[in-house]
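Inside the fold
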Amino acid sequence: MNIRLKSNIAVSDNGFVFDSSTGDSYSVNPIGVEIIQLMKENKSSEEIIQSLEERYEVDAQTIDRDLYEFVQVLLSQQLAEKL
Amino acid sequence: MKQQLTIAVSGLNNTDNPGPGIPVIRALRDWKGKDVRIIGISYDHLEPGLYMHDLVDKSYSVPFPSEGSDNLLLRLEYIHQQEKLDFIFPNFDAELFTFMKLAPQLEQMGIKTFLPTLDQFEERHKYRLSEFGIKYGLNVPLSITVGSVSEVPAALQQFEFPVVVKGKFYEAYIAYNIEQVYSYFNKLQSKWGLPIIFQQFVYGNEYNVTALGDGKGNTIGAVPMRKQFITDKGKAWAGITLDEPKLLEMTHKLIAANKWRGGMELELIKDKEGKLFIVEINPRFPAWVYLPVACGQNMPAAAVRLAFGEEVEPFTQYDVGKLFVRYSWDNIVTLSDFQKISTTGEL
């Protein structure tokens with residue numbers, strides 16, 4: 001994934017996302033938490049898709065599409081940046 | 001420095017437009033290893049801090065600065081005779097100038113202050129902000145000072161709408177057309193007098209920084225905050241500390257450039273491209289100064305130490321993501337207390 005989560009983003013287990021550079025906070029669902037945590041570990045999009053595919057009964061194509069949409073939201077909120 | 005200090009503090013108006021007095025007092029009370037006696041200085045018998053006896057040991061009414069510095073000095077001499085003051089923390093914008101003028105006389109009496117110099121105080125006025133930005137190489141929005149209504153059309157040619165119309169000392173409005181500009185101009189002129197300041201409106205998020213300069217160019221403390229809840233008077237009712245190096249860089253740059261002495265609050269706006277603009281420099285600690293204290297930077301205590309000539313190591317850390325949330329509280333006050341301050345000027 002050529003997109004990186006900004007370094008000052010914190011996410012709690014219950015889905016509270018805090019951007020410590022702006023003070024903005026957000027709420028994401030449990031899968032959002034998983035994706036953000038995987039992004040924090042610098043996982044590639046393929047690795048994230050694979051991880052989600054192993055845990056949920058959803059095909060890779062659907063995960064890919066949903067992941068793309070989720071990442072677009074992160075970019076639009078300036079929580080992530082393009083490398 | 002003595003183990004026990006007697007410190008006078010003004011700005012006890014802990015209202016919906018709060019003064020910094022009570023937060024400054026809380027900071028001084030948190031000063032580890034120091035026994036502080038707090039003397040409240042008040043301009044109004046209903047300033048809530050007067051009745052907060054767990055925070056304020058004794059209070060005195062003082063005359064408004066508009067009544068002249070001589071009257072204020074006389075009153076301070078009386079208070080000093082009673083209390084043996086070591087330090088005064090003036091917290092109202094409107095009284096700062098008078099206290100700066102009186103600082104040498106207060107020093108002679110044995111009372112210390114830690115205030116900006118008169119030059120520093122004057123040049124950061126909002127009607128001189130453009131000049132200030134150029135002098136110190138800091139980004140500020142374009143500002144034009146308008147001395148009369150006849151100057152409005154020419155001044156407006158420099159701006160696109162919306163434009164911010166600001167009073168000399170307080171209040172600002174965003175005008176979206178010429179009619180609104182004239183309306184706000186008249187409103188501000190009748191309330192605060194001339195000049196009025198027109199300022200470029202910068203689209204973006206507002207940030208604030210509380211800081212302390214040692215007067216030699218060093219930043220002793222600096223904590224950035226974003227308002228999370230704003231009252232209809234535009235005052236922060238909740239805010240959170242941030243980890244944003246650019247805000248701190250801007251603060252350090254300003255303090256290094258003009259060798260700021262004392263507490264200050266910077267108001268900044270970050271535009272969509274991430275460029276920071278300083279929109280206001282308040283020459284005192286803000287009412288949210290207790291948040292930095294709770295995050296590890298007791299700047300009011302550090303200011304007192306600096307005034308006594310102590311070497312103060314700059315703070316380098318603070319807790320990020322800590323919030324203040326204000327609340328209102330009906331303090332029950334006896335008639336006897338109200339009567340004492342109203343008739344004797346002491347409580």
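In what follows, the structure referred to is the one given above.
Below or above, wherever it landed, is the structure these notes cover. (Residues numbered from 1 in each chain as written. Chains lettered and ligands numbered in written order. Predicted model: local features only at pLDDT ≥ 70, side-chain atom pairs only at ≥ 80, totals over all residues. Heavy atoms only, no water.)

For the rest of this paragraph, the subject is unusual backbone geometry. Note that the residue after Phe 161 of chain B, namely Pro 162 of chain B, is joined by a cis bond; omega there is -5 degrees. With an omega dihedral of 0 degrees, the bond running from Leu 194 of chain B to Pro 195 of chain B counts as a cis peptide bond. Among the structural elements, Pro 195 of chain B can be located in the loop between helix H7 (178-192) and strand S8 (196-200). A positive phi is found at Gln 78 of chain A, a non-glycine position, where the angle reads about 60 degrees. Among the secondary structure elements, Gln 78 of chain A is positioned in the loop between helix H3 (60-76) and strand S5 (80-82). Phi at Lys 259 of chain B takes a positive value of approximately 50 degrees, unusual for a residue other than glycine. Positionally, Lys 259 of chain B belongs in the loop between helix H8 (245-258) and strand S12 (261-270). (Helix = DSSP H or I, 4+ residues; strand = E, 2+ residues; numbered from the N terminus.)

On to the sheet that holds strand S3 (residues 58-61) of chain B. Residues and elements named next belong to chain B. The 4 strands are arranged S3-S2-S1-S4 in an open sheet whose pairing can be described as parallel. The sheet is open, and its two edges are formed by S3 and strand S4 (87-89), each paired on a single side. Taking each pair of neighbouring strands and ignoring which way they run, the sheet shows an average axis angle of 25 degrees. Relative to the sheet, helix H10 (residues 299-307) contacts strand S1 (4-9) and S4, its axis offset from that of S4 by approximately 140 degrees. (Pairing = 2+ DSSP bridges. Axes fitted to C-alpha atoms, helices over the stretch in contact; angles between N-to-C directions. Contact = heavy atoms within 4.5 Å.)

All right, on to the pattern of salt bridges then. Residue and element names in this part refer to chain B. With the rule as written, the count across this model stands at 21 salt bridges over all chains. Here Glu 123 makes a salt bridge to Lys 135, at a shortest N to O gap of 2.9 Å. Of the two residues, Glu 123 is situated in helix H4 (residues 118-123) and Lys 135 in helix H5 (residues 129-136); the sequence distance between them amounts to 12 residues. Ionic pairing is found between Lys 270 and Glu 244, a salt bridge with its closest N-O pair at 2.7 Å. Within this pair, whereas Lys 270 is found in strand S12, its partner Glu 244 is found in the loop between strand S11 (236-241) and H8, the two being separated by 26 residues in sequence. Like Lys 270, the residue Glu 244 is buried in the burial classification. A single salt-bridge network, built from bridges that share partners, covers Lys 126, Lys 166 and Glu 280. (Salt bridge = Lys/Arg side-chain N within 4 Å of Asp/Glu carboxyl O. Buried < 20%, exposed > 50% of the residue type's maximum accessible area, 1.4 Å probe, protein only.)

Before going further, it helps to examine the packing of helix H1 (residues 30-40) of chain A against H3 of chain A. All names here are of chain A. Axis separation between H1 and H3 bottoms out at 12 Å; the angle between their running directions is 75 degrees. In terms of their interaxial angle, H1 and H3 are classed as roughly perpendicular. Of the residues in H3, those in contact with Gly 32, Ile 35, Ile 36 and Met 39 of H1 are Leu 67, Phe 70 and Leu 74. Classifying every residue of the contact of H1 with H3 gives 6 nonpolar, 1 polar and no charged. (Parallel < 35°, antiparallel > 145°, perpendicular 65-115°, else oblique. Nonpolar A, V, L, I, M, F, W, Y, C, P; charged D, E, K, R; others polar.)

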